[in-house]
Amino acid sequence: MRTMDTLYIETLLEKFWNAETTDQEEATLKEYFNQDAVDPVFEYAKPFFVVMDESAEIVPDLTASVMHKLLEKYYQAETTLEEESILKAYFTQESISEELKPHAPIFRSFEMVAHVEMKKGLSIDHLKTKPTRIISLTWVKVAAAAVFFVVGGYFVMQHANQPEVKTMAKARYIEPDNPEEALEYTLKALAMVSRKYKKGEAQLLEGMRTINEAKGAGN
Amino acid sequence: MQNENNLFKQIEVFKNKLFRYALNMLKNELDAEDVIQELLVRIWQRKDQFDLIENKEAWCMTVTRNLCIDKIRTRKQNSQDISDYHFIADHGAPPDIITEDRENLKIVMDVLNSLPENQKEIIHLRDVEGYTYKEIAELTGLSEDQVKVNLFRARQRLKEKLKNFKY
C-alpha cells in the first residue's frame, strides 16, 4: 500500500464529515483505515470506516467521538443517508455511551414509527364493493352521441310536420289588376310611411326640447 | 386475475410507507386507512395507466399526500383527539419494548406534533422513511435548499427540547 501523509488523510476526513468526498476518496479512506499503520491521530475514526465496509460485521463499534461528530452534522441537517443509518444503528442498540444517551430517544422513536404497519390488507374484494365513481369516457361519448341524435331527430321531425306559415310579406302581398290600382296602393303605402316618419320626428323634437330645458335649468 | 394480483404485489412493497405518511399527516389511523383505500380505488380505475408509471412509489406518495390534504380540508373537525402516539406505541414497538422507550416516544411525538406541518412532514420523510433531499423536494414541491432548512429547524427543535432528557 502506498504511503499517505497525515495532511492528506486529514483533508479527506474533513471533506468526509462535510459529505463532500467522492466515491474514490471514500474508498481511499476505507483502504487507509483497514490497514495496520493508522496514525494515532486518526484512530478515533477507524471504527467508522470499518463499519462502513460491507465485509465487516454490522455490530456497531463506533466511538463516542465519531458519534459526536455525526450528531453535530445530523442536527445541522448535513448528514448523508448512510450517516443517518449509522446513527440509527448506534442508538437503537443497547451499549450507548452515557453522554450520548439523551439523543437516543429521537432515533429510537423514529425506529418505532418506521415499524408501524397498516393492519388492513390490500384486497380486490374491497375495491369491487366500492361503488365506481368514474364512468368510462368511451361510454360517456356514446351516451352523449345517442342523446344528440334522439333530441336532434325530434326537432327535425317537428319542423318537417309543421304547416307552412305565411310570412308577413306573403300575407300582405296584393297583386294589383291595373296601373291605377297599383298607384293607389303605392300612395297609401307612402302615406303610411310619411305618418310613421312624422310621428318619429315629433318624438325626436320633443326629446330634444326636454334635453334643452334640462340644460337650461342646470345652468 | 393475474394482473390484479400483480398490481397489488407492486403496491404491497411500499404500502406501509404510504400508510405511515398518511398517518403522520392525518393523525388518525382510520383516516389514514381511508386515504390508502381511496388511493387503491384510483389506481384500480386507471390500472392501465398505472402500469406505465416508472416510479410507482413516488407517484403513490404524491397522490397520498394530495388525498391527505383534501381530507384535512374537508373533514368537519380536527380528529387529532385520537393520538397517533398510542397507535404507534402499540403497532410500532417491538414486543420487548421497555417502558422508558414508550414514555420517550410520547415526548418525541409531542415535540414532532408541535412542529409546523412542513417541518413535521419533512422530518418524517427523511428520518423515518429515508428519502433523499431530491425526492422530498419533488414530493413537497419545495426546493432542496428549503427542504434542508426545514429539516435543520426541525432537528434543532428536537435537540433543544430533548437536551435535558434523561434516558
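This section reports on the structure supplied with the text. (Residues numbered from 1 in each chain as written. Chains lettered and ligands numbered in written order. Predicted model: local features only at pLDDT ≥ 70, side-chain atom pairs only at ≥ 80, totals over all residues. Heavy atoms only, no water.)

1. Here's the deal with the overall build of chain A
For chain A, the helix and strand inventory stands at 10 helices and 0 strands. Starting at the N terminus and ending at the C terminus, chain A contains elements arranged as α-α-α-α-α-α-α-α-α-α. In chain A, which comprises 219 residues, the proportion classed as buried is 25%. Residue pairs at least 24 apart in sequence account for 39% of intrachain contacts in chain A once pairs closer than 6 positions are excluded. Surface summary for chain A: the accessible area is close to 15,600 Å², and the carbon and sulfur share equals 59%. (Helix = DSSP H or I, 4+ residues; strand = E, 2+ residues; numbered from the N terminus. Buried < 20%, exposed > 50% of the residue type's maximum accessible area, 1.4 Å probe, protein only. Contact = heavy atoms within 4.5 Å. Areas by Shrake-Rupley, 256 points an atom, 1.4 Å probe, with all protein chains shown as cover.)

2. A short note on the environment of isoleucine 136 of chain B
Residues and elements named next belong to chain B. Position of isoleucine 136 relative to the elements: it lies in helix α9 (residues 133-140). Accessibility expressed as a relative area gives 1% for isoleucine 136, which makes it buried. Between the alpha carbons of isoleucine 136 and alanine 58 there is a distance of 9.6 Å; along the sequence they are 78 residues apart. Not counting the four nearest positions on each side in its chain, isoleucine 136 is found in contact with Ile122, Leu125, Arg126, Tyr131 and Val147.

3. Examining the packing of aromatic side chains
Applying the stated criterion across every chain, the model contains 8 aromatic pairs over all chains. Both rings, one in phenylalanine 8 of chain B and one in tryptophan 44 of chain B, keep their centres 6.2 Å apart while their planes meet at 35 degrees; by these two values the pair is tilted. Of this pair, phenylalanine 8 of chain B sits in helix α1 (residues 2-12) while tryptophan 44 of chain B sits in helix α3 (residues 29-45); the two residues are 36 residues apart in sequence, bridging distant segments of the chain. Residues phenylalanine 50 of chain B and tryptophan 59 of chain B carry aromatic rings whose centres are separated by 5.6 Å and whose planes lie at 65 degrees to one another, so their mutual orientation is edge-to-face. Judged by its relative accessible area of 1%, phenylalanine 50 of chain B is buried. Through pairs of rings, three or more aromatic residues link up here, namely Tyr74, Tyr75, Tyr90, Phe91 and Phe107 of chain A. Sitting over the ring of phenylalanine 50 of chain B, lysine 56 of chain B keeps its end group 5.5 Å from the ring centre. (Phe/Tyr/Trp six-rings, centres within 6.5 Å; stacked < 30°, edge-to-face > 60°. Lys NZ or Arg CZ within 6 Å of the ring centre and 35° of its normal.)

4. Focus: a negative patch on the surface
All names here are of chain A. Taken together, the side chains of Glu10, Glu14, Glu20 and Glu78 present a region of like negative charge at the surface. For glutamate 14, the position within the fold is in helix α1 (residues 6-17). For glutamate 14, a relative accessible area of 43% corresponds to the partly exposed category. (Patch = residues over 30% accessible without salt bridge, like charges linked within 9 Å, V, L, I, M, F, W, Y side chains within 5 Å. Salt bridge = Lys/Arg side-chain N within 4 Å of Asp/Glu carboxyl O. Lys, Arg positive; Asp, Glu negative; His and termini not counted. Charge placed at Lys NZ, Arg CZ, Asp CG, Glu CD.)

5. Things to note about the pattern of salt bridges
Within this structure, the stated rule accounts for 20 salt bridges over all chains. A salt bridge links glutamate 83 of chain A to lysine 73 of chain A, with the shortest nitrogen-to-oxygen separation between them at 3.0 Å. With glutamate 83 of chain A in helix α5 (residues 81-91) and lysine 73 of chain A in helix α4 (residues 64-75), this pair connects stretches of sequence that are 10 residues apart. Pair check on accessibility: glutamate 83 of chain A and lysine 73 of chain A agree, each one buried. Lysine 188 of chain A is the partner of glutamate 184 of chain A in a salt bridge, and the nearest nitrogen-oxygen pair spans 3.7 Å. One end of the pair, glutamate 184 of chain A, and the other, lysine 188 of chain A, are both in helix α10 (residues 179-218), 4 residues apart, so they sit about a helical turn from each other. Residue class for glutamate 184 of chain A comes out partly exposed when judged on its relative accessible area of 44%. Here the salt bridges share partners, and the residues they tie into one network are Glu84 of chain A together with Arg126, Asp127 and Arg155 of chain B.

Interpretation in functional terms is not warranted from these geometric data alone.
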